[in-house]
Every structure is written in structure tokens, then in C-alpha cells.
Amino acid sequence: MNDKSPRQNSNSSRSGSNSKNWLDMIAMAIRTPVFDQHRAVYTNRTMRFGQIDAVGFDFDHTLAVYNCEALDALAEKLVADRLVEHEGIPREWLQGVPDPSFARKALILDLDEGVILKTDRYGHVLRAFRGKKKLTVSEKRTLYGDRDIIPHVTDGDRFIQVDHAFSRPEILLWTALVDYTEAGQRRALWEKIRKHTDLIHRDGSLKSVITANPSDYIYPDPRTEALLIHLRDCGKKVFLLTNSEWEYTHAMMNTVLGRDESRGTEWLDLFDVVVAQGNKPSYFDPGRGENATPGVTDKVLIGGNLTEIEDRLGCAGPEILYVGDHIYADLISSKRNVYWRTMLVVPELEEEMVIQSGMPGLVSQLREVDERRISTEREVMHWKAVEACLQSIEGVITEEREGVKKLRQECHVARKDASDTLKDFIRQREELRSKLSTATNEYWGSLFRAGSELTHFGRQLEDYACAYTSRASNLLFYPSGHYFRSTMDYLPHELESM
Ligand SMILES: [Mg+2]
């Protein structure tokens, strides 16, 4: 297949009965000034889209929107069967697999203790479960000390962060089996589950079921095709960079785009370059020497390295925007090593926003109670300081001591009243937070926030994603020269004067 200019390619893909659909979609998206906030792109670092010359996409859970319930159930069954057949785990132990909502990305596993944790950005343990049992405050302190702090997570240590969308079945199986293990066996149990999960991905047993019934596992998103055409029409290069094999990517791409399978490799016309088996994150290592092997057309590369793709695209570093769903493999390495601009796809964002927008009264009530708590807290501090001051004076003066004592007593009463009011606001705030958090996820609360702090995931999102959104196709709602403006960072004293 000969390579063509972006405009020629996009024109060729317009032919056929879908042309009016995508044209209508683009017209609607660009002319509609009010965006659905659940489908918006949120910006951490200002980015001029007009200065982006190439936009790249990951495949799994980025362009390919999976039916996670069906996919996780399939993976869980395949791994469970292997644990029974190859590891001798009794089938009945697997009957206690928890509700799927228990498993989510960005949880932290304590491999030695068999505990699953949610922490804030400082490593403070907020929630913890061993098996399906939620740990009490004293149980958490027994494990993690008086301050409930765990060290920052690093690979291979006692604590690991499970941040891949494919990891949910592993969490469910580990949770079901932890109660049957003794201390010292839990890390080995996790490693067995990991091994068999890797195997079902590598030996094709998972993908063969998916490719046989793609519509059971993929939600087609027709906006994706419109987006790819739109980007190329605007003169941007478009590429796919995935760790998945070419055969699997090709087999699924027509379903992803909502196209008829008979259209074969026509989907390649939507891209300038396609890299399969990219082996991210090491793909982003500037010293990686591995060269690509040719694919089915000159547009397709198998493996390779960063220099090759940047040469093909004719641009480099911050001229490239890469969109992916994996905080480490897609974002941290590309941002740290090669300075590509990054966009994280977080489907949970849309879920959380829908839930919270369904409870507007609760959110505004929480905001109001919190504002009143802060002002009452200041009042308590004020009375405390004045009372202490009067007490000091009372000890040294010889005149007007009774008058000062009376004033101090008045302060004491005022401080006590304010303290009681403060306790009431704190109680109300915790009740409201708990309601909101439980509505979001009854086990873990928000993915992004832990009380007044960001979660560990929220901090990574802030540090490494230039922008984030719930679906890759949300980019369609933005013109190619859009100025993605970050929200301003405020110091506490600046917020005070707003
Ligand atoms: Mg992915």
C-alpha cells in the first residue's frame, strides 16, 4: 500500500455510506458551544493544540473501549480455571470472589500482609481490606504504625500499585484466596495469579475468545473514526502505538470503529504509522536499540524504537501528543524520557461525574458545611489565643486582675461554644463525605480524592498527564487549534482573597 498525504488518505476513507454520519458528527461537535462536562478534556498543563503536529493513541482501553464487565468475567474465569488445574487450589475457595466493583485501578497491595489499600498522596492509609474484611483503625495502626503511613510505592517492594485496567480480575481472585493463606504465603499467591494472568494474555487463550466474538467485548465508538479523520484533515499526523500484537489489533479495529469486518485493512488509511508490539514503557527509552521489523504494509511496524517513529512522523518531543490509559506505560515514561505531551484516558472520570452530578444538593451542602467549618475553626483559634494571652497577663499584673480574669472567662465560654459548633460541622462534613464517597464506590470512594487530599493516583494524574478525559474520542469536541488552558494553581492565601 502506497503512503499518501493525510488529506488524500482522509478523503479516500470518506467514500461509502458512513460519510454523512461522520460529517454530521463533526459539524455537531464543532458547532455546539456547550460541552457535556462528563466528556470534556481537563487540562493540568496548558497546551496549544495548534502546536501539536502528531497525535498518537494507545489501543487497549484507549481507542478500544471494552465492555469491562464481560472482559473481566472472562479473564477471571480463565485464570481461576488455571489456578485449580495447575496450582491445586480447591474450586470452592473461589466461590468467595467479591463484587466486581471491589476491584479498581490504582489500589495498592501489601504483598506481605495480604492487604489492599487506598492511600492519599502522602502515603497515608485511608482504607484497607484483608480479604473482604475492612480493617479497623486499630488494625491499620498495628500494621502501619501510629501515623498509618506507607512508603512510596516502587516495583518489587512489599507494596505495589495495581494500575492496569486488565488487573481487576487479579485483585478479585487475590481477595477471595487471601483468607485461605497463612502469613508468608500471600506474596507467592499473588505471583501465581500474576503468572497465569500473563499466560492467558500471552498464549492467546483470552484474545482468541475476544476475537471470535468481538461485539461481546468491545463498545464501538463511531466518534473515533470521525476524530481520526478530523485530526488528519487538520494536517496532524496520526499514529497508533500499542503493545498488542498486530494480528489482535487488526482483528479488533473494525469493531472498534463500528465498521463492517469485510472492510479488512481499510482502517489503516486513518493512520500515518501503526506500531504493534511496541513493548511500552521501554519503547520510550531513548537508548533502546531494537529496530522495527516490517509489517503487512510499509505503514505498519512491529516493535522498534522512538527514533524510528519520530523520523516517520517528522516531529518530536512536545510536538507530539500521546493518548493512553496506563499511567506508567503510556504516560510517565513518555513524559519523563521524551517530553511528549500526554493525555490520560480515565473512564472512571465519567462514572464519578455522572454520580456526583446526580447528587447536586449533597455536593453544595458539603461545600457550605466546609466553608462554615473553616471560619469556625478560625474563631476557635482566635478565642484560644486571646484566652492564653489573658492568662499570661493575669499571672503577672497586680492591678485589674479581677477584670482580666472576667474577660478570660468570657473568652473561655466563647471558645467552648465555638468548639462545640466546630465539632458539629466536622461531624456533618464527615457524614456528607461518607455519603458521597459511598455513592461513588462503596468500598473505596473516589479514584481521585481522599478526603481533602488527592489520592496517590490523583497525584500521578496531576504530575504526569498534561490533560485527561474519560474517552479518547472526546478530543473530537475540540477544534485543532484549541488552547487547552490549565486551571490556575492557587496558594492558600490567594484563595482566601477570592
Ligand atoms: Mg492501554
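Since the model is a prediction, treat every value here as computed from it, not as a measurement.

Engineer: In this structure, what is going on with helix α16 (residues 456–464)? I would like to understand it.
Structural biologist: Because an α-helix completes one turn every 3.6 residues, residues spaced three or four positions apart along the sequence face the same direction. When we look at burial in α16, the residues that qualify are His456, Phe457, Gln460, Leu461 and Tyr464. Looking straight down α16, one finds that the buried residues subtend no more than 140 degrees of arc, so they occupy a single side. Taken together, the buried residues of α16 touch β4 (107–110), β5 (115–119), β8 (159–162), α12 (327–338), β14 (341–345) and β17 (467–469).

Engineer: Can you walk me through the nonpolar core in this structure?
Structural biologist: Nonpolar side chains in soluble globular proteins tend to be buried together. The biggest cluster of nonpolar side chains holds 101 residues, and the ones touching the most others in it are Phe239, Val274, Leu344 and Ala465. In terms of residue count, helix α5 (residues 168–178) provides more of this core than any other element does, seven residues in total. Here this core gathers at least three residues from each of two domains, domain 1 (6–65 + 218–346) and domain 2 (68–212). Beyond its immediate stretch of four places on either side in the chain, Ala465 contacts Asn44, Leu331, Thr342, Met343 and Leu344.

Engineer: How should the sheet that holds β5 be read in this particular structure?
Structural biologist: Each strand in a sheet pairs with its neighbour through backbone hydrogen bonds, running either in the same direction (parallel) or in the opposite one (antiparallel). With antiparallel pairing, the five strands of this open sheet are ordered in space as β7-β6-β5-β4-β8. Among the strands making up the open sheet, the edge pair consists of β7 (133–134) and β8. In this structure, β4 lies alongside β5, joined through three bridges in antiparallel fashion. Paired with Asp110 across the bridge in β5 is Val115.

Engineer: What am I meant to see in the domain arrangement of the protein here?
Structural biologist: By a widespread convention, an interface's size corresponds to the accessible area lost as its parts come together. When the domains of the protein are assigned, the result is domain 1 (6–65 + 218–346), domain 2 (68–212) and domain 3 (359–446). On a C-alpha basis, the centroid separation for the pair domain 2 and domain 3 is 41 Å. Listed as interface residues are five residues of domain 2 and, on the opposing side, four residues of domain 3.

Thresholds, definitions, all that
Residues numbered from 1 in each chain as written. Predicted model: local features only at pLDDT ≥ 70, side-chain atom pairs only at ≥ 80, totals over all residues. Buried ≥ 20, exposed ≤ 12 C-beta atoms within 10 Å, placed from the backbone. Helix = DSSP H or I, 4+ residues; strand = E, 2+ residues; numbered from the N terminus. Arc of directions from axis to C-beta. Contact = placed C-beta atoms within 7 Å. Core = buried A, V, L, I, M, F, W, Y, C linked by C-beta atoms within 7 Å. Domains from an automatic or database assignment. Pairing = 2+ DSSP bridges.

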